[in-house]
Amino acid sequence: MRDDSNGFPQSCRLDGKQTQRCLARRGFEKHLKHGSNQTADGFSRWHARLLVASKKAAKRVIATIAPPKAIEGYVSSSSVASGDVLTLHVRALRSDPYFKVQFVRLGIEETTVAAIDAIQTSFVPTGRRDDALLAAQGCDWPAAFTTIVPASWKSGVYYARLSGYRDRQMPSGHSCALVFVVRAAEPGSTSSILVHVSDSTYQAYNAWGGVSSYTSPLGPRCSYSRPYINLVKQVNPWILKFVRYLEAQGITAEFCSSHDLDVRSSLVRNYALFLSVGHDEYWTKAMLDSVEGFIARGGNACFFSGDVAVWQMRFEDNGRTFVCYKDAAADPIDDPSLKTTHWFRLGRPSNAMVGAGYQYGAGWWSNFPTLRRPERRRGYKVQFADHWVYERTRLADGATFGAGSNAETTIIGYETDAAAYEIIDGVAVPTGVDGTPKDEVILGYCDLSDWSYTNGRPGYATMGIYERGRSVPGAGTVFTAGTINWVGQLTPKFAGGPVDVITQNLIYALSRETAAPEAQQRLRTASGQ
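Every residue gets a number counted from 1 within its own chain, in the order that chain's sequence is written. Where local features are concerned, this predicted model is filtered to residues with pLDDT of at least 70; where side-chain atom pairs are given and counted, the filter is 80 or more; whole-chain, interface and lining totals use all residues. The basis for every side-chain value is the complete set of heavy atoms in the structure, and neither hydrogens nor water enter the calculation.

1. Looking at the overall build of the protein chain
For clarity, the cut-off: Numbering of helices and strands runs from the N terminus, with a helix taken as a DSSP run of H or I at least four residues long and a strand as a DSSP run of E at least two residues long. Residue exposure (1.4 Å probe, protein chains only): buried if accessible area is under 20% of the type maximum, exposed if over 50%, otherwise partly exposed. The contact definition used throughout considers only heavy atoms, calling two residues in contact when any of these lie within 4.5 Å. In short, Shrake-Rupley with a 1.4 Å probe defines the accessible areas, and a residue's cover is counted only from the protein chains shown.
A count of helices and strands for the protein chain gives eleven helices and 28 strands. Residues classed as buried in the protein chain amount to 58% of the 529 residues present. Contacts in the protein chain between residues at least 24 apart in sequence constitute 71% of all its contacts with a sequence separation of at least 6. For the protein chain, the exposed area adds up to about 21200 Å²; of that, 51% sits on carbon and sulfur atoms.

2. Digging into the side chain of His89
Note the cut-off: What qualifies as a polar contact is a pair of N or O atoms within 3.5 Å, subject to a donor-acceptor requirement within protein and to the restriction that residues adjacent in sequence count only when both atoms come from side chains.
Structurally, the position occupied by His89 is in strand S4 (residues 85-92). For His89, a relative accessible area of 14% gives the class buried. A polar contact is formed between the side chain of His89 and the backbone oxygen of Trp141, at a distance of 2.7 Å. Only 3.4 Å separates the side chain of His89 from the backbone oxygen of Pro142, close enough to count as a polar contact. Aside from chain neighbours lying at most four places away, what touches His89 is Glu72, Gly73, Tyr74, Ser76, Ser122, Trp141, Pro142, Ala143 and Ala144.

3. A word on helix H10 (residues 498-511)
This is how the line gets drawn: For a helix, the expected span equals 1.5 Å multiplied by the number of residues minus one.
When the terminal C-alpha atoms of H10 are compared, their 20 Å separation across 14 residues agrees well with the 20 Å that a helix rising 1.5 Å per residue should span. Counting buried residues in H10 gives twelve out of 14 residues, a clear majority hidden from the surface. By the burial criterion, the buried members of H10 are Val499, Asp500, Val501, Ile502, Thr503, Gln504, Asn505, Leu506, Ile507, Tyr508, Leu510 and Ser511.

4. Describing the confidence of the model for the protein chain
Spelled out, the test is: A residue's pLDDT is the confidence the predictor assigns to it, expressed on a 0 to 100 scale.
Of all residues in the protein chain, 81% have pLDDT values of 70 or greater, and the mean over the chain is 85. Low pLDDT (under 50) marks residues 1-54, which in the prediction has 84 contacts with non-local residues, meaning those over four places away or in another chain.

5. A look at the sheet that holds S4
To keep things clear, this is the line we draw: The criterion for strand pairing is that DSSP finds at least two bridges linking the strands in question. Between N-to-C directions, angles span 0 to 180 degrees; the directions come from axes that are lines fitted to C-alpha atoms, helices contributing only their stretch in contact.
The strand order across the open sheet built from three strands is S2-S4-S7, with neighbouring strands paired in antiparallel fashion. Each end of this open sheet is capped by a strand with a single partner; those strands are strand S2 (71-75) and strand S7 (143-148). Strand-to-strand twist in this sheet, taken as the mean axis angle between neighbours without regard to direction, amounts to 20°. Strand direction decides the pairing type here: S4 and S7, joined by five bridges, are antiparallel.

6. Considering the pairing of strand S5 (residues 98-105)
Within S5, six of the eight residues are buried, leaving the element largely enclosed by the surrounding structure. Here S5 runs beside strand S6 (residues 111-120); their pairing, made up of seven bridges, is antiparallel. Across the sheet, residue Val101 finds its bridge partner in S6, namely Ile116. Here S5 runs beside strand S8 (residues 156-165); their pairing, made up of eight bridges, is antiparallel. Across the sheet, the residue bridging to Lys100 is Ser163, located in S8.

7. Digging into the sheet that holds strand S25 (residues 441-448)
Spatially, S13-S10-S14-S16-S28-S27-S25-S21-S22 is the arrangement adopted by the nine strands of the open sheet, whose pairing is mixed. Every other strand in the sheet has two partners, leaving strand S13 (254-257) and strand S22 (400-401) as the edge strands with one partner each. Relative to strand S14 (residues 273-279), helix H8 (residues 285-296) is tilted by about 135°, and along the sheet it contacts strand S10 (193-197), S14, strand S16 (300-306) and strand S28 (477-480). The sheet contacts of H10 involve S10, S14, S16, S22, strand S27 (459-467) and S28, and relative to S16 the element is tilted by about 150°.

8. Notes on H8
Between the first and last C-alpha of H8 there are 16 Å, a value that for twelve residues agrees with the 16 Å anticipated at 1.5 Å per step. Among all positions of H8, only Met287, Leu288, Ser290, Val291, Gly293, Phe294 and Ile295 are buried. Phi turns positive, to about 110°, at Gly298, one or two residues after H8.

9. Some details on the environment of Ile229
Note that Ile229 resides in the loop between strand S12 (221-223) and helix H6 (231-249). Sequence spacing of Ile229 and Asn206 is 23 residues, and the spatial spacing of their C-alpha atoms is 6.1 Å.

10. Concerning the pairing of S2
For S2, the tally of buried residues reaches five of five residues, placing the bulk of the element in the interior. The alternating pattern of S2 places Ile71, Gly73 and Val75 on one face and Glu72 and Tyr74 on the opposite face, and all of these are buried. Bridging between S2 and S4 involves five bridges; their strand directions are antiparallel. Each bridged residue has a counterpart across the sheet, and for Ile71 the counterpart in S4 is Ala92.

11. A few points about the environment of Ser175
Tracing the sequence through the fold places Ser175 in strand S9 (residues 171-182). Separated by 74 residues in the primary sequence, Ser175 and Val101 place their C-alpha atoms 9.7 Å from one another. Not counting the four nearest positions on each side in its chain, Ser175 is found in contact with Ile71, Leu162 and Ser163.

Next comes the structure, spelled out in structure tokens:
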């Protein structure tokens with residue numbers, strides 16, 4: 001279907017004039033400004049309805065079934081550890097009946113940990129396949145290759161990179177990659193830092209077979225036993241940059257998948273610092289319980305991410321099925337606490353854990369040419385520049401940081417989280433009406449109320465920190481970046497800049513890790529020492 005100039009299918013959204021008339025009829029501006037008609041959790045009913053409607057319309061695409069790729073596949077588990085069995089399931093066309101596999105660990109450079117000579121593909125379709133059905137039920141492709149994960153594979157994000165072959169000797173030029181996480185066999189044995197690889201969110205956006213949480217009709221059940229339709233777009237933009245950043249700083253971390261947080265409730269307790277990166281939208285109840293409990297017991301967390309824990313989802317079929325109806329009434333499960341809807345509708349807004357949330361956040365979902373517009377490229381306005389998080393940044397109150405020359409390098413990403421705040425004596429102070437801890441210190445804020453419903457939705461972004469231990473003895477400290485693209489300036493081009501220095505300050509202070517000599521020198525240089 002032809003896209004309009006804003007990047008979504010024409011059939012999936014109102015035009016600008018229709019949207020403005022719709023908002024005018026509802027008195028949206030009046031409700032937003034004056035906070036009238038508020039719910040018990042403190043935000044306008046009209047605001048809530050319109051935010052939900054706009055996000056659904058902007059992200060939804062009409063379900064289409066793409067032709068099968070020459071070679072594609074999936075792994076048997078999103079996460080493995082030393083001694084676990086890892087199986088590759090591969091489908092190929094008749095032109096590519098063989099493939100080679102290369103296992104690589106992602107970092108500044110891809111590190112090959114194993115390579116296998118050409119083997120025969122496990123499944124070559126002989127007739128038409130109903131991929132839409134397989135997307136929900138799981139592909140039934142037999143095992144093509146099985147291995148035992150060796151102890152030498154360090155915790156990290158890995159690809160099984162497949163290269164198609166016409167026979168055992170002649171490459172076809174076709175390839176694909178299957179992503180998985182290697183977690184530590186002994187959690188916490190090599191690092192006090194745990195990085196969450198948010199594969200639950202990746203699956204929500206994976207429209208292989210024409211079915212996802214954003215297709216029309218919506219796919220309430222999507223299988224992990226299927227390929228990714230676009231692995232690079234869905235997985236790489238944030239986690240790959242962050243993995244490279246950690247490696248460049250000499251910071252060792254251990255990694256886990258969403259399912260790990262769900263079924264291994266004690267996993268995060270082995271660490272001092274939990275890190276969320278990029279886009280972390282879909283959480284199960286067990287995931288939320290685990291991380292909230294970790295913080296309550298003294299664990300620290302940094303959410304270098306946005307759109308965090310907006311939807312409740314759940315795993316079924318031993319973690320192989322992603323379930324999210326996005327409507328409590330449509331979800332057949334009996335337990336009301338497990339209904340797959342917005343977390344804030346279940347009385348557990350992400351603000352309570354993260355310090356910012358979806359209700360007051362903003363979105364910009366349009367594409368070229370509007371990305372060149374200046375209101376898309378914003379930075380945070382600094383508050384409390386003497387706070388330890390800002391140490392060595394040389395930033396002053398009222399300064400701004402984080403704006404880039406394009407969307408990729410601007411830390412205020414296409415989705416943001418925010419704490420509801422009011423300006424008192426020129427300072428943004430959280431109101432707490434959205435569940436944000438009232439003792440949170442808003443270190444930076446960005447007014448995005450001029451973002452329009454034509455492009456996405458208006459709102460705000462806030463960067464902040466709260467130290468739960470001040471009010472709850474023994475509890476931890478939580479930082480939120482309030483944006484999906486914090487990693488946009490965690491690249492060599494911005495080394496020594498505010499985002500780099502803030503990130504290092506947080507990681508070293510909250511993880512009990514010691515900066516490598518090179519990182520220590522960079523921090524000294526950043527402060528002019």
